[in-house]
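Chains, contacts and geometry: an overview
For reference, the chains in residue letters:
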Amino acid sequence: EGVQPQEYVLIKMEVVPPFPPQLKALEGRKVYLAAATLRPETMYGQTNCWVLPDGKYGAFEINDTDVFVLTSRAALNLAYQGLSKVPEKPTCLAELSGNDLIGLPLKSPLSFNDIIYSLPMLTILTDKGTGIVTSVPSDSPDDFMALQALVSKPAWRQMFGVKDEWVLPFKVIPIINIPEFGDKSAEKVCIDLKIKSHNDKEKLAEAKRMTYLKGFTDGTMVVGEFNGRKVQEAKPLIKKQLLDKGTAVLYSE
Ligand code: A2H
């Protein structure tokens, strides 16, 4: 971790009722998987959400209405940032594993898909962000490769109890054009670098470096309210809208 604090936008992905047995204790509440992102302008392209199957999560009381599912580490940080029902003290209503969360149907802000599903990703770090990640395969090489693995390998789906209809049909949604890479930059860079697996850490780091910088400096939105505007201009505007609407909150660590 750096010396500078990292500021994330937490996207509130609402769990659609009725809740499965492992979430029964939360019935009647608004429950959100809280995904930490540095790229709020990409939320149009969400296809799913990622959780770590063996990860430990909890459902924490944020205020009178909202419950956030995230790591206890993130809940403690949030509590010190004014986001807990009891000041500076997280209240956990239910302990959950990542496996408990796989397959949850979610409504996520700005997403063109009405419902997206929570799916397993093995490279999620539990000491970064909330341990919940939203998936944008058009612009994130990590997301593209992880989803590709689930799409192309029925055995991989079976291993985690992932139903076909949670991943298929797989459609990358173009949201940002980068002159050098087109409007599915993550897919293009993964193919160009011949990345074979979501575990190919070095190549994925290179792909991320290439797309992350170019997306910000050279990218143009091709969807949404700021269609045609540069990513640099659209990003703060989209972030502000999400925060103003109450569909996202800020989180630093
Ligand atoms: B980003 P940094 Cl489209 N484990 O959001 C692994 N990855 C995590 C994580 C965790 N615990 N928490 C957040 N992340 C991901 C969108 C996105 C992201 C796009 C393109 C690039 C990108 C959609 N996924 O990040 O290490 C989240 O994915 C590339 C840097 O704090 C978050 O933003 O710099 C990003 O990593 C935060 O990474």
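From a predicted model like this one, the values you see are computed outputs, not experimental measurements. (Residues numbered from 1 in each chain as written. Predicted model: local features only at pLDDT ≥ 70, side-chain atom pairs only at ≥ 80, totals over all residues.)

Overview of the overall build of the protein chain
Rules: Every helix listed is a DSSP run of H or I at least four residues long, and every strand listed is a run of E at least two residues long, numbered separately from the N terminus. Between the buried cut of 20 or more and the exposed cut of 12 or fewer other C-beta atoms within 10 Å of a residue's own C-beta lies the partly exposed class, and all C-beta atoms are placed from the backbone. Contact definition: two residues whose C-beta atoms, as placed from backbone geometry, lie within 7 Å.
The helix and strand inventory of the protein chain stands at eight helices and 12 strands. Along the longest, intermediate and shortest principal axes, the C-alpha atoms of the protein chain span 50 × 40 × 35 Å. Put simply, the protein chain has 253 residues, and 45% of those count as buried. Within the protein chain, contacts between residues separated by at least 24 positions form 70% of all contacts whose residues are at least 6 apart in sequence.

Notes on helix α6 (residues 185-192)
Residue pairs spaced three or four apart in an α-helix point in one direction, given the helix's 3.6 residues per turn. For α6, a buried count of six out of eight residues is recorded, marking the element as mostly surrounded by other parts of the structure. Turning to α6, the residues buried within the fold contact α3 (141-152) and α7 (201-218). K194 sits one or two residues past α6 and shows a positive phi near 55 degrees.

What about the site of the ligand?
For clarity, the threshold we go by: The criterion for a residue being near a molecule or strand is simple: its C-beta atom, placed using the backbone, must lie within 6 Å of it. Lys, Arg, Asp and Glu make up the charged group, whereas Ala, Val, Leu, Ile, Met, Phe, Trp, Tyr, Cys and Pro make up the nonpolar group; the residues left over, Gly among them, are polar.
If you check the shell around the ligand, you find 20 residues, and the closest are T37, G129, V136, D139 and S140. Elements represented by at least two residues in the shell around the ligand include exactly β2 (30-37), β9 (132-135) and α7. The biggest single contributor to the shell around the ligand is β9, with three residues. Residue composition of the shell around the ligand, by class: seven nonpolar, eight polar and five charged.

Structural notes on the packing of α3 against α6
When two helices pack together, their arrangement is given by the angle between the helix axes and by the axis-to-axis distance. Heads up, the rule is: Angular values range over 0 to 180 degrees, each being the angle between N-to-C directions of two axes fitted as lines to C-alpha atoms, with helices fitted over their stretch in contact. For classification purposes, an angle smaller than 35 degrees is called roughly parallel, one larger than 145 roughly antiparallel, one from 65 to 115 roughly perpendicular, and anything else oblique.
Running from N to C, α3 and α6 cross one another at 75 degrees; their axes reach a closest spacing of 8 Å. By the angle class used here, α3 and α6 are roughly perpendicular. Counted together, P141, D143, F144 and M145 of α3 and A186, E187, V189 and C190 of α6 form the full contact between these two elements. Grouping the constituent residues of the contact of α3 with α6 by class yields six nonpolar, no polar and two charged.

A few points about the environment of F181
The residue F181 is located in the loop between β10 (176-177) and α6 in this model. By the C-beta count within 10 Å, which is 21 here, F181 ends up buried. Between the C-alpha atom of F181 and that of M210, which follows or precedes it by 29 residues, the distance is 9.8 Å.

Concerning unusual backbone geometry
Across the junction of P17 and P18, the peptide omega takes the value 0 degrees, indicating a cis bond. Along the chain, the position of P18 falls in the loop between β1 (7-15) and β2. With an omega dihedral of -5 degrees, the bond running from L168 to P169 counts as a cis peptide bond. Considering the arrangement of structural elements, one finds P169 in the loop between α5 (164-167) and β10. Residues other than glycine seldom take positive phi values, yet L110 does so here, at roughly 70 degrees. Even without glycine at this site, K194 takes up a positive phi of about 55 degrees. Locating K194 in the fold gives a position in the loop between α6 and α7.

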